[in-house]
Amino acid sequence: MNKLTFDEYADQYDTWFLKNKNVLDSEVALLAYCLQEPGRALSVGCGSGLFEKMLQQDYGIAIREGIEPAEGMRIIARKRGMDVRPGTAEDADMGADEYDTILFNGTPSYISDLKKAFANAYRALKPGGRLLVLDVPKESSYALLYTLGRHIGTWDHPVFSGAAPENVYPIEFVKAANWRTTPEKAALLEEVGFHSLSYAQTLTHHPVYSNMQKEAPTPGYDRGDYVCICAVK
């Protein structure tokens, strides 16, 4: 994960989501739909704790523990009441058989060795525990837009006129990402021992239109620009 990027632009992260409130609400709804009763839960790469704050506020779901490598993000998350310690998904000591649920919400695209991160989470989960992996899939319209933006290096280009959202994701975060397909992530989960994978999705409209209204989650991963994989230990 590019820790420096998230340290430098921590405030921009929250600002973008709050300018795209229906996108944020749709993604939080997907997370709540998949979490249900999380038990003892850990959010890996919790960022500023914005999603965790909204889970508590809108759904009564409390996620208190987090791991976050970027100091700027940790400071904000702690102000929101989270117990956040430094570390990366690959190397943080999460213990063994400690958690009922572990979240990788929006983090997989910023994890260099995703298989190692999944194996670390597998060790930390109790038998029967669940890992929730939520992200923008490489094959989605959002990721295709972001990939083009990364190659051009700026959103200030005629090719994006009428094709990019009014408040588009900061280019600094786009440049730091490595998008993966849903089947790629599913294969890595199974390789480290997870089973009984299930899927849910949201943001099924084109990025230009996805912030017009909050969207309810649906099963599957064939058309959503934000997808949750739920895997069982």
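So, a few notes on the structure that sits alongside this text.

Calculation criteria
- Residues numbered from 1 in each chain as written.
- Predicted model: local features only at pLDDT ≥ 70, side-chain atom pairs only at ≥ 80, totals over all residues.
- Heavy atoms only, no water.
- Phe/Tyr/Trp six-rings, centres within 6.5 Å; stacked < 30°, edge-to-face > 60°.
- Helix = DSSP H or I, 4+ residues; strand = E, 2+ residues; numbered from the N terminus.
- Buried < 20%, exposed > 50% of the residue type's maximum accessible area, 1.4 Å probe, protein only.
- Contact = heavy atoms within 4.5 Å.
- Expected span 1.5 Å × (residues − 1).
- Pairing = 2+ DSSP bridges.
- Axes fitted to C-alpha atoms, helices over the stretch in contact; angles between N-to-C directions.
- Parallel < 35°, antiparallel > 145°, perpendicular 65-115°, else oblique.
- Nonpolar A, V, L, I, M, F, W, Y, C, P; charged D, E, K, R; others polar.
- Core = buried A, V, L, I, M, F, W, Y, C linked by side-chain atoms within 4.5 Å.

As for the packing of aromatic side chains
Counted by the stated rule, this structure contains 12 aromatic pairs. Judged by centre distance (5.6 Å) and plane angle (50 degrees), the rings of Tyr142 and Tyr146 are tilted. A residue pair is termed a helical-turn pair when its members lie 3 or 4 positions apart in one helix, as Tyr142 and Tyr146 do in helix 7 (residues 141-152) at four residues. The burial state of Tyr142 is the same as that of Tyr146; both residues are buried.

Quick word on the environment of Gly224
Among the structural elements, Gly224 can be located in the loop between strand 7 (218-219) and strand 8 (226-232). In this structure Gly224 comes out as buried when scored by relative accessible area, which is 5%. C-alpha separation for the pair Gly224 and Lys79, spaced 145 residues apart in sequence, amounts to 32 Å. Once residues lying within four places of it in the same chain are set aside, the contact partners of Gly224 are Pro137, Ser140, Gln201, Thr202, Leu203 and Thr204.

Quick notes on unusual backbone geometry
The phi dihedral of Gln36 falls on the positive side, at around 55 degrees, and the residue is not glycine. Following the sequence through the fold, Gln36 ends up in the loop between helix 3 (21-35) and strand 1 (41-44). Look at Gln36 and you get exposed, because its relative accessible area is 58%. Notably, Ser196 is not glycine yet its phi reads approximately 50 degrees, a positive angle.

Some remarks on helix 3
Taking 1.5 Å of rise per residue, the 15 residues of helix 3 would be expected to cover 21 Å, and the 21 Å separating its terminal C-alpha atoms lies within 8% of that figure. Counting buried positions along helix 3 gives 12 out of 15 residues, so the element sits mostly inside the fold. Among the residues of helix 3, Val23, Leu24, Asp25, Ser26, Glu27, Val28, Ala29, Leu30, Leu31, Ala32, Cys34 and Leu35 are the ones counted as buried. Note on helix 3: the residue one or two positions beyond its end, Gln36, has a positive phi of about 55 degrees.

Section: the pairing of strand 4 (residues 99-105)
When a strand is regular, its side chains alternate between the sheet's two faces. In terms of burial, strand 4 is a largely internal element, six of the seven residues being buried. In the sheet, strand 1 pairs with strand 4 via three bridges, with the strands oriented parallel. Paired with Ser43 across the bridge in strand 4 is Leu103. Across six bridges, the pairing between strand 4 and strand 5 (residues 125-135) is parallel. Bridged to Asn105 within strand 5 is Leu134.

Description of the packing of helix 3 against helix 4 (residues 50-59)
At their nearest, the axes of helix 3 and helix 4 sit 10 Å apart, and the two run at 75 degrees to each other. In terms of their interaxial angle, helix 3 and helix 4 are classed as roughly perpendicular. Taking contact as the criterion, the partners of Lys21, Leu24, Asp25, Glu27, Val28, Ala29, Leu31, Ala32 and Leu35 in helix 3 are, on helix 4, Leu50, Phe51, Met54, Leu55 and Tyr59. Broken down by class, the residue content of the contact of helix 3 with helix 4 amounts to 11 nonpolar, no polar and three charged.

Here's the deal with the sheet that holds strand 7
If you walk across this open sheet you meet the eight strands as 3-2-1-4-5-8-6-7, and the pairing is mixed. The sheet terminates laterally at strand 3 (83-85) and strand 7, the two strands that pair on one side only.

Here we look at the side chain of Arg74
Inspection of the secondary structure puts Arg74 in helix 5 (residues 71-79). When sequence neighbours within four positions are dropped, the list of residues in contact with Arg74 reads Gly47, Glu68, Pro69, Val84, Arg85 and Pro86.

Focus: the nonpolar core
Leu31, Leu35, Leu55, Leu132, Tyr146 and Tyr169 are the most contacted members of the largest nonpolar core, which has 43 residues in total. Top contributing element to this core by residue count: helix 3, with eight residues. When sequence neighbours within four positions are dropped, the list of residues in contact with Leu31 reads Phe51, Leu55, Leu103, Asn105, Leu132 and Leu134. Of all hydrophobic cores here, the second largest spans 26 residues; its members include Val44, Ile102, Val133 and Ile229.

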